[in-house]
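Report on the structure
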Amino acid sequence: MTSGMIEKRDLKILAWAIGVLIGTVSLITLFMVWAVTTVPCSYDTEYATKKVENYLNDKGLNIDNLILTQEQLSSCQVSFVYKNSGNEYKIFVIDDFVRGAKITGELGELNEL
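Reading guide: rules and limits
Residues numbered from 1 in each chain as written. Predicted model: local features only at pLDDT ≥ 70, side-chain atom pairs only at ≥ 80, totals over all residues. Heavy atoms only, no water. Helix = DSSP H or I, 4+ residues; strand = E, 2+ residues; numbered from the N terminus. Buried < 20%, exposed > 50% of the residue type's maximum accessible area, 1.4 Å probe, protein only. Contact = heavy atoms within 4.5 Å. Areas by Shrake-Rupley, 256 points an atom, 1.4 Å probe, with all protein chains shown as cover. Core = buried A, V, L, I, M, F, W, Y, C linked by side-chain atoms within 4.5 Å.

Take the overall build of the chain next. Looking only at helices and strands, the chain features three helices and four strands. Element order for the chain, N to C, with α for helix and β for strand: α-α-β-β-β-β-α. Within the chain, the fraction of its 113 residues that count as buried is 23%. The long-range fraction of contacts in the chain, counting pairs at least 24 apart against all pairs at least 6 apart in sequence, stands at 38%. Approximately 8300 Å² of the chain is accessible, and the part contributed by carbon and sulfur atoms is 58%.

Structure below.
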């Protein structure tokens, strides 16, 4: 064999290695798709409610003004309305795949109360 030629045995090893790499990447991709689409939310309604109540307590706001408006655990979202002085502020708890339960919504306006 000359130094510039590749033997059939080397090509078979290379083809096998590429096949193993492709198979491994495919399995990892399938697992990630399965995890994102079938794993339930990382929290329940009780946890979401407690998380929002703790947030309101930290801001010095009355938790009695908090109303649960919608539970959509199939899409990992729980919705609340906070009523204060005739105004309503929407608060959502969503499932962030990386960080878990996250509070979002009209928080900037709530911080001004």
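Read on for the rest.
Right, let's talk about the nonpolar core for a bit. Residues Val52, Leu56, Ile91 and Val93 are the most contacted members of the largest nonpolar core, which totals 18 residues. Breaking this core down by element, the ones donating at least two residues are α2 (45-58), β2 (77-84), β3 (87-96) and β4 (100-105). Of the residues forming this core, the biggest block, four residues, is contributed by α2. In contact with Val52, other than residues within four places in its own chain, are Leu66, Phe80, Ile91, Val93 and Ile103.

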